[in-house]
Amino acid sequence: MSGPSSQIEAPTGLGRIGVGAISTVFVLAALVFPLLAAAIAVIYVVGLHRRGRTAAGIGAIAAVTVLFGYLNQGKAIAGDWAWYVEHYRALEHLDLADYLGRPFGWITPAPTEPVYYSVASVLARASHADVGVLSWAATTLIYVPLGVAALMLSKLLTRRVSVAAASIVVAMLCGLTFTLSTQLVRQEIAASFICLAIALFVVRKPVVGGAALSVAILTHNSALIPAAAVVLSAFFARGDRVNAWRIIASALGFALLGALYLRVSGNDSYQGKSDGAVSVFTIGLDLLIVSVFLLLARDHGWPPYTRLLAYCTPVFVGFLVGVAAQPLPFLRMYFYLEGLRALMLVVIVGLSLRNVRFRAIAITTAVVLGFLYLHMRIANSPFEYQTGLFEAVFYSPW
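## Observations concerning the overall build of the protein
Across its full length, the protein carries 17 helices and zero strands. Relative to its 398 residues, the protein shows a buried fraction of 48%. Restricting the contact set of the protein to residue pairs at least 6 apart, pairs at least 24 apart contribute 77%. Of the roughly 19500 Å² of accessible surface on the protein, a fraction of 68% belongs to carbon and sulfur atoms.

In structure tokens, the structure reads:
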């Protein structure tokens, strides 16, 4: 019998041996590292679903979010997390209307930022102000929207389930700074919803994207600047190519806006205030990521999922240049640039790995490098965690 079916060959003995060997190694590894094996198995099994990329993406988002939630649950209460916890405990007995807009210690919760405080109020009453519940909620509010944004972009980049899942994992590990997820809680949530809005604009859902921008602004009012940048960039990105003059004009405009922001808010109000600084290593890494992203986007003819990011980046950077004279607003606004880093990593991993040879090795290398980056972040942070990253990932009962 001839025809297409006659071209199908049975697995060779070597193929059967290879599958058997991999299965044996996986079972033995699962006996030693059950949590890691369970996460890999979940992502793999859901990837077999007829909507493999979506299912595997959801599995990847869940795995990373659970890992981060577990780490945050054991984080020592210090820094800004201390006042978040103090306010959270007070909200168990305070009405939200009596809390917003009134000084509480050295913090006055703004009525124009009700999203986080509303969630904290509900959770405080429902859980009797259990701090673990708050840490899990904050982690979820940050990493699920970011993961969904990464998933939406990954589906535009590749049909390969493994590449889509890897791009999501790398973006979540290396995008928003994990050690600040229970430090600058509201701003990290806002940055995550900015990422979600960008992805929604890319897939032509501007109404839902506008709603995501609104959530970001009502979580932390500083998100108004990147939200305006996203809207402007979405307008510019409607064409078929990237216009250099639009990029230059928007970057200069937001640089002037940044300088005006310092002038209106008063330079003197920032004197002597600092929450830290962005390291030279971080800035250098981001410059490398942006450069690689732009080269890949150009080589692939500026597809739609790259154009919006290409316009957003100089606008975000322009505002940073405008406020660079003061470390505090520069640091605060730089966190929104980390959201763009996450989305660019989705594009870089997706475009780089979808047609590469030895894909399994390349994907493993990308994910391992993501974990190493996260490990260095945690090791160099001033915060204490009850469980280390690799202790959590490679948990073993033996």
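## Let's talk about the pattern of salt bridges
Using the criterion set out here, one finds six salt bridges in the structure. A salt bridge links Arg 125 to Asp 95; its shortest N-O distance comes to 3.2 Å. With a gap of 30 residues between them, Arg 125 in helix 6 (residues 114-127) and Asp 95 in the loop between helix 4 (80-90) and helix 5 (96-99) connect regions that are remote in the sequence. With a relative accessible area of 44%, Asp 95 lands in the partly exposed category. Glu 113 is paired through a salt bridge with Arg 186; the nearest N and O atoms lie 2.5 Å apart. One end of the pair, Glu 113, is in the loop between helix 5 and helix 6; the other, Arg 186, is in helix 9 (residues 185-202), with 73 residues separating them in the sequence. Overlapping salt bridges, with partners in common, bring together Asp 286, Glu 338, Arg 341 and Arg 377 in one network.

## Brief notes about the side chain of Glu 92
Tracing the backbone through its elements, the reader meets Glu 92 in the loop between helix 4 and helix 5. Despite its burial, Glu 92 remains without a salt bridge, the nearest opposite charge being carried by Arg 89 at 7.8 Å.

## What to know about the environment of Leu 340
Of note, Leu 340 is situated in helix 15 (residues 327-353). Separated by 24 residues in the primary sequence, Leu 340 and Phe 316 place their C-alpha atoms 9.2 Å from one another.

## Regarding the packing of aromatic side chains
If you walk through the whole model with that rule in mind, you get 13 aromatic pairs. Seen in terms of ring centroids, Tyr 99 and Phe 104 are 6.1 Å apart; in terms of plane orientation they differ by 65°. Their pairing is edge-to-face. Judged by centre distance (5.7 Å) and plane angle (50°), the ring pair of Phe 236 and Tyr 311 falls under tilted. With Phe 236 in helix 11 (residues 224-236) and Tyr 311 in helix 14 (residues 304-322), the pair connects residues that are 75 residues apart, well separated along the chain. Taken as a pair, Phe 236 and Tyr 311 share a single burial class, namely buried. One aromatic cluster is present, formed by Trp 83, Tyr 84, Tyr 99, Phe 104, Trp 106, Tyr 116 and Tyr 117 through successive ring pairs. In this arrangement the basic side chain of Lys 75 is found over the ring face of Phe 383, its NZ or CZ atom lying 4.1 Å from the centre.

## Section: the packing of helix 9 against helix 11
Contact geometry of helix 9 with helix 11 gives a least axis separation of 11 Å together with a crossing angle of 10°. With respect to helix 11, the element helix 9 is oriented roughly parallel. Of helix 11, the residues touching helix 9 (which contributes Ile 194, Ile 198 and Phe 201) are Pro 226, Ala 227, Val 230 and Ala 234.

Calculation criteria
Residues numbered from 1 in each chain as written. Predicted model: local features only at pLDDT ≥ 70, side-chain atom pairs only at ≥ 80, totals over all residues. Heavy atoms only, no water. Helix = DSSP H or I, 4+ residues; strand = E, 2+ residues; numbered from the N terminus. Buried < 20%, exposed > 50% of the residue type's maximum accessible area, 1.4 Å probe, protein only. Contact = heavy atoms within 4.5 Å. Areas by Shrake-Rupley, 256 points an atom, 1.4 Å probe, with all protein chains shown as cover. Salt bridge = Lys/Arg side-chain N within 4 Å of Asp/Glu carboxyl O. Lys, Arg positive; Asp, Glu negative; His and termini not counted. Phe/Tyr/Trp six-rings, centres within 6.5 Å; stacked < 30°, edge-to-face > 60°. Lys NZ or Arg CZ within 6 Å of the ring centre and 35° of its normal. Axes fitted to C-alpha atoms, helices over the stretch in contact; angles between N-to-C directions. Parallel < 35°, antiparallel > 145°, perpendicular 65-115°, else oblique.

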